[in-house]
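Single-letter residue listing:
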Amino acid sequence: MSKDRLIIFDTTLRDGEQSPGATMDRDEKLRIAKVLERMRVDVIEAGFAIASQGDFESVKLIANTIKDSTICSLARAKESDIDRAGEALAGANSGRIHTFIATSPIHMEHKLRLAPDEVIVHAVNAVKHARNLIDDVEFSCEDAGRSDIDFLCRIIEQVINAGARTINIPDTVGYAIPGQYGNTIKQLLERIPNADKAIFSVHCHNDLGLAVANSLEAVLNGARQVECTINGLGERAGNASLEEIVMAVRTRADLFPVETHINTTEIVPASRLVSSITGFPVQPNKAIVGANAFAHESGIHQDGVLKHRETYEIMRAEDVGWNTNRMVLGKHSGRAAFRARVEELGVTFETNEELNDAFQRFKDLADKKHEIFDEDLQALISDTKQAAEDERFKLVYLDAASKTGETPEAHIILSVDGKEVEARAKGAGPVDATFKAIENVAKSESSLQLYSVNAITSGTDSQGEVTVRLEKGGRIVNGHGADVDIISASAKAYLNALNHFAAGLERAHPQAADV
Ligand code: KIV
Ligand code: ZN
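Residues numbered from 1 in each chain as written. Chains lettered and ligands numbered in written order. Predicted model: local features only at pLDDT ≥ 70, side-chain atom pairs only at ≥ 80, totals over all residues. Heavy atoms only, no water.

Caption draft 1: Just the overall build of the protein chain, in detail. Looking only at helices and strands, the protein chain has 16 helices and 18 strands in total. Scaling as 2.2 N^0.38, a compact globule of 515 residues should have a C-alpha radius of gyration of about 24 Å, and the protein chain matches this with 24 Å. Every one of the 515 residues in the protein chain was classed for burial, and the buried ones make up 57%. Accessible area of the protein chain: about 21,900 Å², with a carbon and sulfur share of 49%. Taken as two groups, the 57 positive and 78 negative side-chain charges of the protein chain have centres that lie 1 Å from each other. (Helix = DSSP H or I, 4+ residues; strand = E, 2+ residues; numbered from the N terminus. Rg over C-alpha atoms; globule rule 2.2 N^0.38 Å. Buried < 20%, exposed > 50% of the residue type's maximum accessible area, 1.4 Å probe, protein only. Areas by Shrake-Rupley, 256 points an atom, 1.4 Å probe, with all protein chains shown as cover. Lys, Arg positive; Asp, Glu negative; His and termini not counted. Charge placed at Lys NZ, Arg CZ, Asp CG, Glu CD.)

Caption draft 2: Local environment of the side chain of Ser-444. Mapped onto the fold, Ser-444 is located in the loop between helix H15 (430–442) and strand E16 (447–455). One polar contact links Ser-444 to Glu-439, side chain to side chain, over a distance of 2.6 Å. Once residues lying within four places of it in the same chain are set aside, the contact partners of Ser-444 are Glu-439, Lys-472 and Leu-498. (Polar contact = N/O pair within 3.5 Å; in protein donor to acceptor, adjacent residues only side chain to side chain. Contact = heavy atoms within 4.5 Å.)

Caption draft 3: Spatial organisation of the coordination of the zinc ion (ligand 2). Each protein donor to the zinc ion (ligand 2) is listed here as Asp-15 (OD), His-203 (NE2) and His-205 (NE2); together their distances run 2.0 to 2.1 Å. We note that the donor set of the zinc ion (ligand 2) lies within a single chain, spaced as D-x187-H-x1-H. Of this pair, Asp-15 sits in the loop between strand E2 (7–10) and helix H1 (26–38) while His-203 sits in strand E8 (residues 199–204), and the two are 188 residues apart along the sequence. (Donors = N, O, S within 2.8 Å, 3.2 Å for Na, K, Ca; no water.)

Caption draft 4: A nonpolar patch on the surface, seen in detail. A cluster of nonpolar side chains, Leu-448, Tyr-451, Val-453 and Ile-486, forms an exposed patch at the surface whose accessible area comes to about 310 Å². Relative to the helices and strands, Tyr-451 resides in strand E16. A residue is classified by how much of its surface remains accessible, and Tyr-451, at 31% relative accessible area, is partly exposed. (Patch = residues over 30% accessible without salt bridge, like charges linked within 9 Å, V, L, I, M, F, W, Y side chains within 5 Å. Salt bridge = Lys/Arg side-chain N within 4 Å of Asp/Glu carboxyl O.)

Caption draft 5: Highlighting the nonpolar core. In this structure, Phe-139, Ile-155, Ile-156, Ile-167, Ile-169 and Phe-200 are the most contacted members of the largest nonpolar core, which totals 101 residues. Per-element accounting of this core gives the leading share, eight residues, to helix H6 (residues 149–162). Residues within four places of Ile-167 in sequence aside, it is in contact with Phe-139, Ile-156, Val-159, Ile-160, Ala-198, Ile-199, Phe-200 and Ser-201. If you look at the next biggest cluster of nonpolar residues, it comprises 27 residues, including Ala-423, Val-441, Ile-487 and Ala-489. (Core = buried A, V, L, I, M, F, W, Y, C linked by side-chain atoms within 4.5 Å.)

Caption draft 6: Representation of helix H8 (residues 211–220) in the model. Within H8, seven of the ten residues are buried, leaving the element largely enclosed by the surrounding structure. Every buried residue of H8 is listed here: Ala-211, Val-212, Asn-214, Ser-215, Leu-216, Ala-218 and Val-219. Where H8 is buried, its residues touch strand E7 (166–171), helix H7 (178–191), E8, strand E9 (225–228), helix H9 (242–251) and strand E10 (258–259).

Caption draft 7: Seen up close, the sheet that holds strand E4 (residues 70–76). The eight strands are arranged E2-E3-E4-E5-E6-E7-E8-E9 in a closed barrel whose pairing can be described as parallel. Here the strands of the sheet are splayed against their neighbours by 25 degrees on average, with no regard to which way each runs. Here strand E3 (residues 43–47) pairs with E4 via four bridges, running parallel. In the sheet register, Glu-45 faces E4, and the bridge partner there is Cys-72. Contacting strand E5 (95–102) and strand E6 (137–142), helix H4 (residues 105–112) crosses the sheet at an angle of about 85 degrees to E5. (Pairing = 2+ DSSP bridges. Axes fitted to C-alpha atoms, helices over the stretch in contact; angles between N-to-C directions.)

Caption draft 8: A look at the site of ligand 1. Every residue close to ligand 1 is listed here: Arg-14, Asp-15, His-98, Phe-100, Ser-140, Glu-142, Asn-168, Pro-170, Thr-172, His-203, His-205 and Gln-511. Arg-14 places a polar side-chain atom, nitrogen or oxygen, 2.9 Å from an oxygen atom of ligand 1. Contact distances for ligand 1 include 3.1 Å between an oxygen atom and a side-chain N or O atom of His-203. Notes on ligand 1: free accessible area 260 Å², of which the protein chains cover 100%. Elements supplying a minimum of two residues to the shell around ligand 1: E5, E6 and E7. The class makeup of the residues in the shell around ligand 1 is two nonpolar, seven polar and three charged. (Near = heavy atom within 4 Å. Nonpolar A, V, L, I, M, F, W, Y, C, P; charged D, E, K, R; others polar.)

Caption draft 9: Structural view of the packing of aromatic side chains. Tallied over the full model, the rule gives five aromatic pairs. With a centroid separation of 4.5 Å and an interplanar angle of 40 degrees, the aromatic rings of Phe-435 and Tyr-494 are classed as tilted. Note that Phe-435 is positioned in helix H15 and Tyr-494 in helix H16 (residues 486–503), a separation of 59 residues in sequence. Taken as a pair, Phe-435 and Tyr-494 share a single burial class, namely buried. An aromatic cluster of three or more residues is present, and its members are Phe-338, Phe-359 and Phe-362. Sitting over the ring of Phe-56, Arg-84 keeps its end group 3.7 Å from the ring centre. (Phe/Tyr/Trp six-rings, centres within 6.5 Å; stacked < 30°, edge-to-face > 60°. Lys NZ or Arg CZ within 6 Å of the ring centre and 35° of its normal.)

Caption draft 10: Expanded view of the packing of H1 against helix H10 (residues 267–278). Viewed as axis vectors pointing N to C, H1 and H10 meet at an angle of 170 degrees, and their least axial separation amounts to 10 Å. Regarding the angle of H1 to H10, the classification is roughly antiparallel. Of the residues in H10, those touching H1 at Glu-28, Arg-31, Ile-32 and Val-35 are Ala-270, Leu-273, Val-274 and Ile-277. Considered class by class, the residues forming the contact of H1 with H10 number six nonpolar, no polar and two charged. (Parallel < 35°, antiparallel > 145°, perpendicular 65-115°, else oblique.)

Caption draft 11: Structural context of the packing of helix H3 (residues 79–88) against helix H5 (residues 116–133). Relative to each other, H3 and H5 sit at 25 degrees, their axes nearing to 10 Å. The angle between H3 and H5 falls in the class roughly parallel. The chirality of how H3 crosses H5 is right-handed. Contacts between H3 and H5 involve Glu-79, Ile-82, Asp-83 and Gly-86 from the first element and Ala-126, His-129, Ala-130 and Leu-133 from the second. Class assignment of the residues belonging to the contact of H3 with H5 gives a composition of four nonpolar, two polar and two charged. (Left-handed = near helix turned anticlockwise from the far one by under 90°.)

Caption draft 12: Looking closely at unusual backbone geometry. Non-glycine residue Ile-288 carries a positive phi angle of around 70 degrees. Ile-288 sits in the buried class, given a relative accessible area of 6%. Here Lys-443, not a glycine, exhibits a phi torsion of approximately 45 degrees, which is positive. Position of Lys-443 relative to the elements: it lies in the loop between H15 and E16.

Rendered as structure tokens:
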């Protein structure tokens, strides 16, 4: 029996990026988009073009580069938003404008301050306007999870008549419960007279930990597009996780009347890349992509798996990309091997200097670390790209010592706007002393919200990947740094966060503003 296609719509670069502190720059977004394309994701939501100049540039770059996936930009139901999205997508092989307006009583009354009939007028006009620019238009009823079903039927019928090809039913605040949400999808498909003219999509948030369950229940009830993110990244508790949706549909093919076209072996590499770029670690027991997802601790399980692997394993680790794509480079690997592997990871260097710098960093790392894995290369590429940027603060020298019975002390030299400045500080530990020394120079007046260290690979020679989150005046920035020396990695991460503050990239939040 032939199965329907389940469209996988990835919104890591848009809704995922709305996760506080998960901001990504243009190059980082392109690197992720390339992995998503290799994974054969059907639609990549590349951003919210009107949010900022940076967002616009990212959508445009991705639209001009990625050829095998449809590239989508979000736009509120406003002509200016839609025009900006259309402009960013002009170079796409296949582009989509995704426009939305809130449909729940609470949002219409308190956020939009519009009567339901006025909301319908805005929605219909937005879809018509978008259709004048592009054929592929998606319409979302924001907060559909708390919207009245009769009103949803009315507005959806009209936006389909106006030309929307995909109708998305977001559970914006993660309020839905599987049976009830599945029933909503079923009702909409049954009651809307022109429902067969559009694909119904779902977009679930994870506030109650039900985003994946709700999405799957919707698929069983007729939804044919799922919006999701790598590692479940997203606003608050996140969005439905792509890897869990894809592997559930594949593993329980006996239950689902759909199939995806996803190349599942790219799942783990994509998960690692997103984690490394955003600095959001993946919990070890996370399904599919957690370090323990395929590890068997108990003796009984190990015995069973060794005798016949299906006794305890419902999926094969290699099918989702564990242990693949990990070609090892080392001290003796040459420039050609380095370049080839980096290109296979989807990275291109804009200048020869950038490539030379990356290769030198690789050689330095190979001197300290026996084997260099893809994860090391990804971190090294991030460092190289950061160094190529116009950064206000750069680390020139660091000496941080900790001795038993003595207070740790750090001595640093920073380059600030090209001028070298020196500072010393004592602290509770060498990292604390280093951050204090940096602050003696930077005087950022920010407060540290998060400090996390993760080993990129296994072994004590692993690079430590550090994330630092700083807050100032309600604005949050993340900084990342990687090094085999975690004090250096910490200093790099702190300076990276300060550089993000200095770059001062302000963005509009799509759901904060009205029409
Ligand atoms: O959660 C949500 O409602 C959204 C929409 C903009 C689709 O992200
Ligand atoms: Zn969302």
